Amino acid sequence: MNTALTQPGAPMKVRGIQKRFGAFTALDNVSLDVAAGELVCLLGPSGCGKTTLLRCIAGLERQDSGELYLGERDVSLLPPQARDYGILFQSYALFPNLSVEANIGYGLTGSGRDEVRKRVGQMLELVGLLGSEKKYPGQLSGGQQQRVALARALAPAPSLLLLDEPMSALDARVREHLCTELRQLQRRLGITTLMVTHNQDEAMLMADRIAVMNNGKVEQYATPQEIYDRPATPFVAEFVGQGNWLPFSRNSASHAQVGGMKMRLADDAGVAKSGRLFCRPEAISVNPPVHEENLFPAKVREITFLGNRCRMSFELEQLPGHPLLAELAPEAMPRLGAQDIWVALPPRSLQVFA
Amino acid sequence: MFKPLALVAAVLTAFSLNALAKTELTVYTALEAEQLKTYKKAFEQANPDIEIKWVRDSTGIITAKLLAEKDRPQADVVWGLAASSLAILDQQGMLDNYAPKDLDKIGKNYRDAANPPSWVGMDVWAATICFNTIEAQKQGLAKPVSWQDLTKPEYKGKIVMPNPASSGTGFLDVSAWLQTFGEKQGWQYMDDLHQNIGQYVHSGSKPCKLAASGEFPIGISFEYPAIQLKRQGAPLDIILPKEGLGWEIEATAVIKGSAHGDAAKKLADFSASPAAMELYKANFAILAQPGIAKPQTELPADYEQRLIKNDFAWASKNRDSILAEWRKRYDGKSEKQ
Amino acid sequence: MTLPVARQVSRAEWGDRIFVVGGKWLWLGLLVVAVLLPLLAIFWRGFSSESGQGGGLVAAGELLTSANFHWLLGNSLKVSLSVAAIVVPLAYLFAYALQRTLIPCKSVWRGLSLLPLMAPSMLPGIALVYLFGNQGLLRGLLSENIYGFWGIVLGEVIYTFPHALMILLSALSLADARLFDAASSMGASPARAFRSITWPATRQAVFAAFCLVFTLTITDFGVPVVVGGDYQVLALEAYKAVVGQQQFGRGALIGMVLLLPALFSFGVDAWLRRRHGEAMSGRAQVFLPAPSRLRDGCYLAIVLLICALLLLVFGMAVYSSLVKFWPYNLSLSLNHYQFEDTAGGGWLAYRNSLTMALCTALIGSVLIFTGAYLMEKTKGQKGLNLALRMLSFVPMAVPGLVLGLGYVFFFNLNGNPLHVFYGSMALLVVCTIAHYLTTAQMTATTALRQLDAEFEAAALSLKAPLYRHYLRVTVPICLPALLDILRYLFVSAMTTVSAAIFLYSPDTILAAVAVLNMDDAGNVGGAAAMSTLILFTSAGVSLLLAWASRGALRRSQAWRQTAPGQ
């Protein structure tokens, strides 16, 4: 039994995984590379195939075709117990009739009792639950249970950690705190981690890279920054963060016609001749003090106060029937009552989609 | 020094050898269950190296079982089955012809005619009516004195009798009526009787027990349970109808091809011996060995004369057809409710 | 990329392979021998035309067209339909009282309602004779005598009552408070609420209960033998054919006829279940009945009446076993309990029953629970799983009488190497386990389904072998269900008669069979005594196991506080 806390994480490769359930294609030729020690999130709506992919990697489902590599080993056809990973389920799957100690020590066979106890102590310290050895899962809070389940998964020092919607059973306040903790722990251990979630906030907060999935395909696999700033497909654009869609047709290489307006585009905005322009709400400036490009008149529809910022729903006067969103700090809001405003859509913020 | 050890060893060996030497004899029987313990004890005392394993059921069922096992007999010997049934088995070639030691003492009517006989009688049981006096008084019933009396309308629903297909007693009744009244009159009699029957039961002794408990005031049964119950204090009158009593011989036979042929023959010997006759004497008025028995106090002195002349050959030959006819008429008719 | 290397399969993996794959094949083998082959033997026997056996297609034709058969069939149908028509409404009212009203002492009524389960079906029959027979205590209440149609109906009503009750209790327990709140806020009267909410939800259970009672009645012969008089029914006929006349073929044909109602009701039930779908939404709220003195009063009266009837019948049976000589000497004595001197099997029968019940309960629960676990919680071997699932539902469709017949035909076959088991205790145990398999398995499956579906996956990911996980986690958590199964199998084995009656030998005679024999011989007091003995043994063991279950639950309360998988 390896008592080292830090086990060199192994890189993981997924190649061309295909999985169908009857007529329904759950995974369509999915390929992915996870570097050693990286935390990758599989993000997507229900039914996109992220959990199926996780289960294939865990060996709990058998893929129809494709390969899986953990480090140098081809684990494609191995049963779960022959692969080398720890898994944290949505429901934690803690054994209710065993104490915390017994739960964590469950996978530590083939070692002396003293060694097991020492290892369990190490894990409890790691997750900050020293002293809870004799308690039962039913006596712990949700967050504590999650930590015990994590300790259990990590106790045998696996080279891969799989997390299946680990935060979904927790309430919002606890969630963010645990996200950070989990991330710190993962970094400290340097263990390669794959996490499934439908919550983009978690993904953005925790992941080194995010694989956004939809209908069994990976639509974009990149860092959170890239996913947010440069979404590769309309789905990714909409799924992560808020966005505005503006129908357009090309006037020239550098300008697009949107409604009655002519907007200048950045050089790398995209090449499509027509389609939709994508723009993040926070990129829009309202009543800018200095003149900006793509400045147009608009009418305010509704203002929602969200605490640290405000969301404003408006319509461009030359593009009626298309409500848009802008997000600004409260101070930047126009005086209440003012209906007519000026909005600027910087060229850098406009992305072209077909 | 080795003496006590040797003694112990010898005793142990003798014990185990004895245990090993005990032959287990499978004995099929229709004897009344209360008699099984006494008979078994007596035989095993006389033959300590043989142990009896009883397989007991009513006459009809035991007969059917033996016939079904014709090709692979499970029984070694039959001790206490109606002679009419044994005759059928003999016809099927299932019995060993064997003359027990005391055969010369057995009356010639009470054994198979062949030499050596295929079956040897033990005792006789005969039809008896058990009549509950308390119930009779309560319900204002007159005491019947003849079989024909039983067809009187006042007894409607008040009579129980055994089903001849399962019970030997039932069969001896039907056989006797057919022989006494003739075939046509016999069936007519049974048609009339059928109107008064409250229930047909499966065992021969049950009608008497039902009469004793007053469940049905009149039970057509045989003398053994009648006497036992009366002695226990049941308010019974034992009635012997004046037309005569049907009867049956209870007999013993060795099954051909038995693995324990010698032990089986020892049982046949015992069954015909005076010692066994003493056993039977306690239960039955008429024994296969004439001259020893005297009827119980509850029965009249001329009991033996009251038995009808019984043609067993006819009875066994026609058993199947009689039963089929009986079933057709009384077993499963919709108007009886 | 490296090629997959031939790897060392660990000992734990081998252990698991033996446990899962080996276990499933073993279970399949046992099910085939214990369930499938005897059933096939019935069909073979029924259609083979060996002479003297009464079988074959010609004989089948004769049998099915004979007036006698039609009469028997008519009788059986009349009895079974009457019993079902009486029992189901009574059980519905009783179940409604227990689940939807606020009558006091519910556990007492529930306990009393279980009485008929604790004794063989002959017991109500015997008690009815003592109550309403010609010398019965309450003879005056009846105009005709009890023997015959009404005797059988009354006896079967008592015998089948708890079975119908169990189905309806579980159906009426699924009540969503929100629906009733909605109904009352819309101004619906209680009657309307019943018609529109309760009735549709319980309709299927009513049908299931009806079919179950019908099947139980038409295949029971314990009651007809004791109190049927000359009213013949099909179940009795099968017995007479096989035991009385050794006509196996005829017995098999009747057995096949008796298989039909069970098959029919099983099929319709499965079809309805598929149509009906999910019984209750996961977000349903627990229904708490509103107080109503009038309603509670009425239902309490009904419940009291039914319980009084049950107590009367069973109390009478116990009392009659102590009466020296009914009806002329009513002094109390224990002489009916001196089984050594009486016909029918004596104390050996009782000892045999205890042995058989213990073996059935212990071996049966281990086999059934482990089998259920393997089917429910392990993946792979899809075809094998399907076969196991189908086979384990077969016993539900086969009445005990028919299964017993199957065993006779299969194990009595010339040349069958398993023939050596015929008449042995082992065969009785196997037959009883097979007979009561499905219900026990459903209890096990229900308990197993409540466990987190990912337990096994977690264990595998931790490289812990499944057999160790099964013993360390699954069994302790499911202990209450296991004890339930144990109790169910024990009591069923103590009271079963319809299969045992064909399979016993003089060495392995059972108490319930002894009851039949004694009653047949006219020793009704002894029959009552043995039945009472069975009753008290079953009740005693049930209470013992319930107490043990409560003890086990209490001791494990530390970790049972919240729902598992929370």
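Residues numbered from 1 in each chain as written. Chains lettered and ligands numbered in written order. Predicted model: local features only at pLDDT ≥ 70, side-chain atom pairs only at ≥ 80, totals over all residues.

What follows covers the overall build of chain B. Assigned secondary structure in chain B consists of 13 helices and eleven strands. Over its C-alpha trace chain B gives a radius of gyration of 22 Å, about what one expects of a compact globule, namely 20 Å for 337 residues. For chain B, the spread of C-alpha atoms along the three principal axes comes to 85 × 40 × 40 Å. In chain B, which comprises 337 residues, the share counted as buried stands at 50%. Counted over contacts in chain B with a minimum sequence separation of 6, partners at least 24 positions apart contribute 76%. (Helix = DSSP H or I, 4+ residues; strand = E, 2+ residues; numbered from the N terminus. Rg over C-alpha atoms; globule rule 2.2 N^0.38 Å. Buried ≥ 20, exposed ≤ 12 C-beta atoms within 10 Å, placed from the backbone. Contact = placed C-beta atoms within 7 Å.)

Let us now look at the interface of chain C and chain B. Contact with chain C, which involves 26 residues of that partner, is made by 30 residues of chain B. For the side of chain C that touches chain B, the secondary structure elements donating two or more residues are α3 (67–100) and α10 (234–244) of chain C. Top contributing element to the side of chain C that touches chain B by residue count: α3 of chain C, with three residues.

The partner chain C presents 28 residues to the 25 residues of chain A that form the contact. Taken together, the residues of the side of chain A that touches chain C sort by class into 15 nonpolar, eight polar and two charged. (Nonpolar A, V, L, I, M, F, W, Y, C, P; charged D, E, K, R; others polar.)

Take the sheet that holds strand β18 (residues 324–328) of chain A next. Residue and element names in this part refer to chain A. The five strands are arranged β15-β19-β16-β17-β18 in an open sheet whose pairing can be described as antiparallel. A strand with exactly one partner marks an edge of an open sheet, and here the two such strands are β15 (285–286) and β18. Pairing analysis gives five bridges linking strand β16 (residues 295–305) to strand β19 (residues 340–344), with the strands arranged antiparallel. When the bridges of β19 are listed, phenylalanine 296 appears paired with valine 343. (Pairing = 2+ DSSP bridges.)

Before going further, it helps to examine the arrangement of the chains. Ranking the two pairs of chains in contact by number of contacts places chains A and C first. For the non-touching pair chain A and chain B, the nearest C-alpha separation works out to 52 Å.

With that settled, consider the nonpolar core. By size, the foremost hydrophobic cluster in this structure holds 277 residues, and its most contacted members are Ala91, Ile126, Ala164, Leu168 and Val513 of chain C. Top contributing element to this core by residue count: helix α6 (residues 149–172) of chain C, with 14 residues. In terms of nonpolar packing, the next biggest core, distinct from the first, is built from 97 residues, Ile62, Ile129, Ala176 and Ala226 of chain B among them. (Core = buried A, V, L, I, M, F, W, Y, C linked by C-beta atoms within 7 Å.)

All names here are of chain A. Pairing within the open sheet is mixed, and its six strands lie in the order β6-β7-β8-β3-β9-β10. Each of the sheet's edge strands pairs with one partner strand only, and the pair in question is β6 (86–88) and β10 (217–222). Taken pair by pair, the neighbouring strands of this sheet meet at an average axis angle of 15°, ignoring direction. (Axes fitted to C-alpha atoms, helices over the stretch in contact; angles between N-to-C directions.)

Compared with the 16 Å implied by 1.5 Å per residue over twelve residues, the 16 Å span of helix α13 (residues 319–330) of chain B between its first and last C-alpha is a close match. Buried residues in α13 of chain B make contact with α4 (83–91), α6 (168–181) and α12 (312–317) of chain B. (Expected span 1.5 Å × (residues − 1).)

All names here are of chain C. Remark: helix α1 (residues 11–47) packs on helix α13 (residues 346–377), axes separated minimally by 10 Å, with the N-to-C direction vectors making an angle of 120°. One element, α1, and the other, α13, form an angle in the oblique class. Read as a crossing pair, α1 and α13 show a hand that is left-handed. Between α1, through Val20, Gly23, Lys24 and Trp27, and α13, the contact on the second element is made entirely by Thr370, Gly371 and Leu374. (Parallel < 35°, antiparallel > 145°, perpendicular 65-115°, else oblique. Left-handed = near helix turned anticlockwise from the far one by under 90°.)

Looking down a regular strand, the side chains alternate between one sheet face and the other. Residues and elements named next belong to chain B. With respect to burial, strand β5 (residues 120–132) is a largely interior element, 13 of its 13 residues being buried. The sheet contact formed by β5 and strand β10 (residues 247–255) spans six bridges and is antiparallel. Counted as the bridge partner of alanine 126 is tryptophan 247 from β10. Across two bridges, β5 lies against strand β11 (residues 286–287) in antiparallel orientation. When the bridges of β11 are listed, aspartate 123 appears paired with leucine 287. The pairing of β5 with strand β8 (residues 218–222) spans five bridges and is antiparallel. Paired with isoleucine 129 across the two strands is isoleucine 220, which belongs to β8.

Remember, this is a structural readout, not a statement about activity or role.
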